[in-house]
Structure formats: C-alpha cells, structure tokens
2 protein chains.
Amino acid sequence: MRAPWELAGMPRDTAVAVGFSGGADSVALLALLAERAKTDGFPLLALHIHHGIRGAEADRDEAFCRVFAERLGVDFCAVRVDVPAWAKAHGMGLEEAARELRYRCFADVMAERKIPLLATAHHADDNAETVLFRLARGTGLDGLCGIPAVRKTERPEGGMVVRPLLPFTKEDILAFCRARGLEFVTDSTNREPCCARNILRLEVLPALERAVPNAAATMARTTALLWQDADCLDGLAAEWLKTHCRENALCARDLRGLHPALLGRVLAEFLGGCEAVHIGAAEALIASGRGGSVTMPRDRYASLCGGILRVLPNLRGEGISEPVPLCEGTLALCDGRLTVSVQEAEKCRKHKKVHSLSTTHYINRSEKSVIINQFFWRGLRDGDRIRMGTREVRCAALLQAGGIPATVRKHLPVLCDADGAVVWVPFAGRGDAEPTEGAYAVTLTLWEERTDRQDKGEDRDVRNQSGY
Amino acid sequence: MRAPWELAGMPRDTAVAVGFSGGADSVALLALLAERAKTDGFPLLALHIHHGIRGAEADRDEAFCRVFAERLGVDFCAVRVDVPAWAKAHGMGLEEAARELRYRCFADVMAERKIPLLATAHHADDNAETVLFRLARGTGLDGLCGIPAVRKTERPEGGMVVRPLLPFTKEDILAFCRARGLEFVTDSTNREPCCARNILRLEVLPALERAVPNAAATMARTTALLWQDADCLDGLAAEWLKTHCRENALCARDLRGLHPALLGRVLAEFLGGCEAVHIGAAEALIASGRGGSVTMPRDRYASLCGGILRVLPNLRGEGISEPVPLCEGTLALCDGRLTVSVQEAEKCRKHKKVHSLSTTHYINRSEKSVIINQFFWRGLRDGDRIRMGTREVRCAALLQAGGIPATVRKHLPVLCDADGAVVWVPFAGRGDAEPTEGAYAVTLTLWEERTDRQDKGEDRDVRNQSGY
C-alpha cells in the first residue's frame, strides 16, 4: 500500500486523518496506516462520524471504533451530526446529506487540528460500482475514470483526500482482516437491495465477477488508464481555450475547426458549470453558422453574433416601464446588471473601454439642451423600427440576429429622439459611429458575472469524486 | 431507424445483405429494411448461415427464415458451414469459430453478388454487454467505445458492416415484433448461463437495469461520446507520429515530451500490433533514458540506441557457424534477414543508402588481395573484444549499449583480419569511418519486415468490432 503522503506528493511526516466507520475497509486501512505511521513518523487521527441515524447500531459502532483505535494507540475523535435534520433543512436525500455532512465534518476537524490529509477506505469494488453506476446513468469519459486516488478537498484552506486501498478488492481486504484477526462492525443497511448502490454491490458486481473473474481489480487498472486519457483531452482543451479566448469571447470559425471531442470540452470549460444538453445546444448554434442564442444555467445565455460566441448574463428585474428623459450620469436597470450612462464624448474616449460588452452610441449634436431632457429612454416595443440608411428595420429582428434572446430583449431600453423616433438600439442599431467635436456618448454596459474559470482546476476532481 | 446507406454514407440504392438468423433482432431488422427498401429502392438479400451445430433446431431455423423472407418478398440465401470442423482445424473455440466463419461467408456472398453493405441486428443490449465485458476484462478507451455503428469489412474488396438497430434495446425490438405480429425463432443455447456472454446477458444486464432503469439505452449514447474521444486521441497520436517519425525511427526525447495518453497511443501505432505489456515495456525503456531493447510480438524487438527508438526484426535461423572468407558480392544469413556485402567503396557511395538500418565499415587498404580471402567472417563469441582507439572493449557490451538484444547478438557476424583480430562489429564498433581512395565497403543490412502501418486505418475498426 502506498502511504497517504506518497499519494499526495507531500513530506513523509504529513499528518493524516482517517475516515473511520469501523467497517472492514476502514479497520484494515487504520491498521495499515498505524503500522506505516511508526516507520514514516506521521501523526495519525482516527475520525469517526456518528450520523444520528441507525439508533443503537450507530452507538455500538462509535464505541467499537473508540476501543479499536485505543488498542492500536491511535488518537481517536468522534463527531456527532444530525443527518435527518440536515437533509430536511436542505431538501436532500439521507444518503446525499450524510455524505455532504461527513465531508464537512472531516474538513472542520482537519482545519481545526491542521491535518492536511484525509485517507478514506474506498477500494476496487467501490470504484467498480461507481464506474458501473455512471456508465448506466450516462457519463462521459470523466465519469468512467472512477474514484480518484488523490483529489483536492473542496475547502479553500486546501488539503487532499487520498484512497490508498483503491487497488485492492473487498475480498483482499476481508482476507487481510481475517489474517490479522481484526474485528469490524457491519452496517446493516448495506445489505438491503433497496437503492441503486446496493443493487450494484449485491447483485450486479457479483454477477459480473462470475462472468469475468477479477473484474473489479481489472477495472481499477482500466480507470487509471482512462484518467490519463481524460486528463490529456482536458489539458488540450484548456490549452486551446487559453490561446483562443479573447476578452471572454471565442471565434466560431476557430471552434468549427476543432475535433468534436475537443469542441465539447472547450465549450464545457468556456460555458462553465453546464450540462451536456447546454453544450449540445451551443454546438448546434456554432454548427448552424447563423447568429442566435441558447439559454445556460445560472441565468445566463450563450450568444453567437457576427461569428463571435459569448456567455452573457440574462436580464431580470425592472427594465424601463415608463419613459425616462436622457440625463447626464448613470441609470441602473435590471437589478444593476445593465447600466446606461451619458457623458461628453471626449471624456468617454479618455477612459479605457469599461468592458468588452459595453456598446456606445454617439450623438453628434452640439447643443446640450437639444439632447438632455429631450431625448428619452423607453422599453423596446414589439413594433419598434429604426432607420438604417435609407430603410427601416425591425428592432427585434436586429437584436435577434445579434444573438440577443427574447428574454433579454424585453428588458432592453431603446433611445428615442424628441420626436419619439428610435435612434439607438443597444447591441444592434446605429451604435459606434465616430463622434464629432462636442458630441455626447451614450453607453450601455452589460455586467458579466464572474465566470469562475480560474477555479475550474478543482472542478475536475470534484466531478470525479465518489458518490459516497 | 437510419438506413444502411445513410449510416455508410453511400448512395440511396446501395444493395444490402442482412445477416438473418431468424431471431427477434434480425426478424425486426429484415422487416424494417424490407419496408425501407421499397421507398429507397435498394436491393435486399436475407442471408442465413447454417452453422452445422444445434441439429434439428438449426434446420428448423433455416426453414423458418426461408419462409419468412419469401413472405416479405425478400431474396433469400442460405449457406451451410461446418463450424465444429473449422474450429478443430484452426484450434478455436466453437463460438469464436462460428463468428469467424459467419463473417467469411457474409463476405464471400457479398463479393460474389456485388453487395457492398452488410447489415447486422446488433442492438443496445449487445452494445452494453460488449462494453461491460471489455470493462471487466481490461480494456482502454477504444474497447469502451462498444460496437461501432459502421465499420469496414476486413476484406480487401471493401464493403461496410452497419448496425442500424444499435440505438434500440432488446425490449424495443420485442415490442416492435409484438406490435407487428412478427414471429421469430429462439436459439436455445442463448438461455444457458454457461459462458461469460450469457451471464452478462441473463444476469448482469438485468440487474443493472433494475439498479438504473434504461441503462442499456444510456450506454449506447455514452459509447458514441467515447468513440469521439478515442478518435480524437488516436488522430492526435497519428498526426504526431507523421510529423516525428523519420526513417522508421523516433527520437526518445520527443517521446518523453508527450502526455502519457498520447505516448501510449503513439507507441501502439509505431510498434504495430502489440499488447499493453509491450507498450508498457517500451515506455519504461524510454523513461529510463538508457539504451536497451525489449521484445515485441511477431519476432521483433524495439531498440533504443543513442536516444533513437526503432523496431527491428529479430534474427533466427543460421548465423555463421564456420568462418567464411570475405568475398566480393553478398552473403545471406539468418533466413535472409541479414546480408553482408563487399564492394569497392566508390561503387557503394554511388548507390543510395540501401536502408536506414544498414551499417557500413570501410577498409582502407589498397591491395585487394590483402582483404579478399584474407579477412574473414565468423560468429560473435562471448569473450570477443575490439580495439577502440587505445583500449579494448567487450563486443557484447558495445552491442548491448547499442540496443541489440542477446537473441540478435548470438546471430551476428563479426569481421576479423588475417591475424584473427576483430575489426568490425556491425551496429557497434568502428563502423562508418570515411573511406580513402580504393577502399572497400563492407555493408551489413538488416531487412525489416513490412510494418503495415499504412493499413492501420482499418485496425481501429477491427479493434472495436463486436465479439459476436
């Protein structure tokens, strides 16, 4: 067995907390780590979580764990949590809540005691179950990589989770316990074929082992190979994105040149935190070669306009219900996601462009009074048209071609002159003409949310973590 | 269902042979294709193989198939083969022999009747079984791509195999047969949990469907995604190889710069037709940074010498048992894999270098009689040493450092002068000095086998074909 510090690439004396339920797996892990701790000299803590379910059985397990750790001479710590209450409060299933709360407790104790490593007893059968589950539920290559041997914790203070027993099967572990005369407790709920996990453990995997001996052990080697493939493709996609993404925008022509396997990964990274269905929609948009938009999770949309793909925040909240006279200064709309501002063009040009998603319209009229308080903002209406050269064009059609979806269009303001004619539709009509002296600049800014692309390095680990 | 010609990217009227066993799957496929043939206008042939096993049941099946096809108005053809005899003659298992012989018959009939397309009735459950089987037996990403919807046949005259029913589950197919009142026969040997395939079909897959409904249908979508990933990685590896392979040699430093996922694929392609264990050995050789060699299948070895990786044929058959005087002309050794030749250096230099694996030694003595019939060839002996500048070096050590393995060394000839001193060890000592006027060139050529790298495009399909 490789030591936790080895797996994590840390110094030999790095302290380790062991998730210790008292089952055969964690008993074997704790016994092995206690031996290793003597030669390597790392501090070891057996960390037991009492989930507040399974009544007397859980109390028995905690007592067993305390005694077991004491006999090994390993520090012991038990934390009691109330999984049912947490599950109810957060609208989660019991199993999901137990997992979430367990890892939170682990993280809290590790932070408090300054322990950088958590070792859990996941083994080859757990890995095989995870892979089968994901395969059956629908997953890409990432999901088939199974349970990672090493991953970062989700906590900002760092720390790693390691699984030294992953190469070993349940049978290996039971044989080890028998050989050493190690006692362990059994969680009775694991024996009932009540949920997908248990059917996989109790029926699918044993049948698979009957069909192909050593299936679980073999799958552990396979997932390690798949991990390399996934890492390679993710790395290529990230590299491509780094060299092709300019001001949070991608060129559709570049995207169309990508292999489908890389295109999917580039889009997943670029669009950020979305599902296969969103990536598929974005792929279709890019393939179509026409402008347009598709909705994304977290109230955003992807817009393809003029061959450029962007992710923009959707608009919500108040647009403009009543006409508002044009005034110097700034007007905030749609919960602050949209601002319109007016200033002298000279001042505007002295500033750096606020944001790549700003659009600016210049009004080349020298008399301030002709503009201020005469021009006015109002919400876009269905029948609005704007003069483009010699012909009139529907404003909605202009915006649609510009990749602005209907949900955003209904919030957008248009600028009208004193006669009530639309003179500017942000993102679409008549913007960005060159200003003459004394002109005024009317700027619309759409504020992007932070895309969190910097944090994506950790997402990979999180995607691949066990469902346990 | 997509038509065969659609899947294969061929014209609408491309003729189709259907592998028609009379089971529910092929009955559904034939019925669907018979309808489609009417609208698309492609000729259709129902092709039944009688395997010469299962006695009366097989006769019944053939009769059923004939009547069924006649009723649909589809041409019918039955071919009788003797699987047990073939299996015995080729040392194969019954199932493997049946598959091999079946596809041979398909190909023969297709060639004879000029039918370019073979449609088989593989469905989503078959695909799921294949994926589970490969996952349990150990496979890389390629194996997890499952049964391809389209692949080339192995026959040189071309043709494609297509599987239009892959997106549909067994249940879908049975429901279709019920709805249309279609009868079918059942192969009784499919019901016995006797082999891995049947355990997968009868136990693993049903349990997996209990744990996760629609598992097989979901896996069909997953394998399509994995196919893209595999295709992308294979493409990148092939591209890399194309730009980095010079004269059938690769630079180890270049290889060390590759991502492990690409390195494995580049080596698989470069080494040609080898197993994971050979690729692993070659990777270790490259990582070591030292010269050496590892054995490869088909009597070859990979040699790393001076930072250059090559695949060379092993030597077998007769080397030199008795000393042979140096003569003008050519001497063939080791079943013709090795030739040594002598000619005037000027003539040698006028020729293009025969082969990148040739090594040449020049003897700068002007009197022909001093060389011819005085110098002689003999087999390399254990204690042989050669003078290198001021010191003597063991010949075997020189060859070993040059990546020539022991199995090759024992066949190699050395050249001795009239006094019996070793003057040249091919691949290692004293070769390639510049010739003076009137010098003689002694050339050793190691003939490579054809690497078949040109044909590798088809290998991909072959690797991924169903085990059926």
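In this text, all values refer to a predicted model and were calculated from it rather than measured experimentally. Throughout, a residue's number is its position along its own chain's written sequence, starting from 1. Written order decides the labels, with chains lettered from A and ligands numbered from 1. Restriction of local features to residues with pLDDT of at least 70 applies here, the model being predicted, together with a cutoff of 80 or more for giving and counting side-chain atom pairs; totals for whole chains, interfaces and linings are based on all residues. With hydrogens and water stripped out, all remaining heavy atoms of the structure feed into the side-chain values.

Turning our eyes to something else, we now look at the overall build of chain A. Here a strand is any run of E in DSSP of at least two residues, a helix any run of H or I of at least four, and the numbering for each starts at the N terminus. Within chain A, the regular secondary structure consists of 18 helices and 20 strands. Each radius of gyration reported is based on C-alpha atoms, and the globular scaling rule is 2.2 Å times the count of residues to the power 0.38. For 468 residues, the compact-globule estimate of 2.2 N^0.38 gives 23 Å, and the C-alpha radius of gyration of chain A, at 30 Å, exceeds that figure by more than 25%. Referenced to the eigenvectors of the C-alpha coordinate spread, the extents of chain A come out at roughly 95 × 45 × 40 Å. For chain A, with 468 residues in total, the buried portion stands at 52%. Within chain A, contacts between residues at least 6 apart in sequence are counted, and of these 69% link residues at least 24 apart. Classification of residues uses two cut-offs on accessible area relative to the type maximum, computed with a 1.4 Å probe and protein chains only: under 20% is buried, over 50% is exposed, and between them is partly exposed. Residues count as neighbours in contact if any of their non-hydrogen atoms are within 4.5 Å of one another.

A few words on the domain arrangement of chain A. How far each domain reaches was decided by an automatic or database domain assignment. Here chain A is described as being made up of domain 1 (4-227), domain 2 (245-313) and domain 3 (324-446). The distance between the C-alpha centroids of domain 1 of chain A and domain 2 of chain A comes to 38 Å.

Before going further, it helps to spend a moment on the interface of chain A and chain B. On the chain B side, the residues contacting the 38 residues of chain A number 38 residues. Buried area: the accessible area, evaluated with a 1.4 Å probe, that two parts lose upon being put together, summed over both parts. For the chain A and chain B pair, buried surface summed over both sides reaches about 3100 Å², with 74% attributable to carbon and sulfur atoms. Salt bridge, as used here: a side-chain nitrogen of Lys or Arg that lies within 4 Å of a carboxyl oxygen of Asp or Glu. For R210 of chain B, the salt bridge is made with E203 of chain A, and the minimal N-O distance between the two is 2.5 Å. Here a polar contact is taken to be a pair of N or O atoms separated by no more than 3.5 Å, where protein atoms must pair a possible hydrogen donor with a possible acceptor and residues adjacent in sequence count only if both atoms sit in side chains. For the pair chain A and chain B, the number of links is eight residue pairs in polar contact (both at pLDDT 80 or more). Elements with a minimum of two residues in the side of chain A that touches chain B: α6 (124-137), α7 (141-144), α9 (196-211), α10 (215-244) and α12 (260-271) of chain A. Among the elements that line the side of chain A that touches chain B, the one with the most residues is α10 of chain A, at 11 residues. We call Asp, Glu, Lys and Arg charged. Ala, Val, Leu, Ile, Met, Phe, Trp, Tyr, Cys and Pro are nonpolar, and the rest, Gly among them, are polar. Within the side of chain A that touches chain B, the residues separate by chemical class into 24 nonpolar, eight polar and six charged.

Moving on, we come to the pattern of salt bridges. The full count for this structure, using the stated rule, is 34 salt bridges over all chains. When salt bridges that share partners are traced, they join E6, R12, R36 and D40 of chain A into one network.

This part takes up the pairing of strand β3 (residues 75-80) of chain A. All names here are of chain A. Only strands joined by at least two bridges in the DSSP assignment are considered to pair. Taken together, the six bridges between strand β2 (residues 44-50) and β3 define a ladder with parallel strand orientation. Residue H50 lies in a different strand from β3, and its bridge partner there is R80. When the strands point away from the viewer, a crossover counts as right-handed if the route from the first strand across the helix to the second turns clockwise. Between the parallel pair β2 and β3, the chain is carried across by helix α3 (residues 55-72), and the sense of this crossover is right-handed.

All right, on to the relation of the copies chain A and chain B then. For this overlay, a least-squares fit was computed on C-alpha atoms, restricted to residues scoring pLDDT of at least 70 in both copies. Expressed as a screw operation, the relation of chain A to chain B combines 0.0 Å of axial shift with a rotation of 179°, fitting to an RMSD of 0.2 Å. In the structure described here, the two chain copies are related by an operation that fits a two-fold rotation axis. Using C-alpha coordinates, one finds that chain A approaches the rotation axis most closely at V204 of chain A, a distance of 2.6 Å. A shared interface surface links the copies, since 100% of the contact residues of chain A are contact residues in chain B too.

Note: strands within a sheet are paired through backbone hydrogen bonds, in either parallel or antiparallel orientation. Residue and element names in this part refer to chain B. The strand order across the open sheet built from four strands is β12-β13-β20-β14, with neighbouring strands paired in antiparallel fashion. Only two strands of the sheet have a single neighbouring strand rather than two, namely β12 (329-333) and β14 (359-363). Taken over all neighbouring pairs, the strand axes of this sheet differ in orientation by 15° on average, direction set aside. Whenever a helix is involved, its axis is fitted only over the stretch in contact; in every case the axis is a line through C-alpha atoms, and angles between N-to-C directions fall within 0 to 180 degrees.

All names here are of chain A. Direction of pairing for strand β11 (residues 324-325) relative to strand β15 (residues 376-379): antiparallel, over a ladder of two bridges. Residue V324 lies in a different strand from β15, and its bridge partner there is W377. With four bridges joining them, β15 and strand β18 (residues 413-416) adopt antiparallel strand pairing. Bridge pairing links W377 to L415 in β18.

Turning to the packing of aromatic side chains, a few remarks are in order. How two aromatic rings sit relative to each other is given by the distance of their centres and the angle of their planes. Under the pairing criterion, centres of Phe, Tyr and Trp rings, with the six-membered ring standing for Trp, must be within 6.5 Å; the plane angle then separates stacked pairs below 30 degrees from edge-to-face pairs above 60, leaving the rest tilted. Following the criterion strictly, the structure yields eight aromatic pairs over all chains and no others. Residues W377 of chain A and W424 of chain A carry aromatic rings whose centres are separated by 6.4 Å and whose planes lie at 55° to one another, so their mutual orientation is tilted. Here W424 of chain A lies in strand β19 (residues 422-424) and W377 of chain A lies in strand β15, a separation of 47 residues in the sequence. Assigned by exposure class, W377 of chain A and W424 of chain A land together as buried. Taking 5.6 Å as the distance between ring centres and 90° as the angle between the ring planes, the aromatic pair formed by Y103 of chain B and F106 of chain B counts as edge-to-face.

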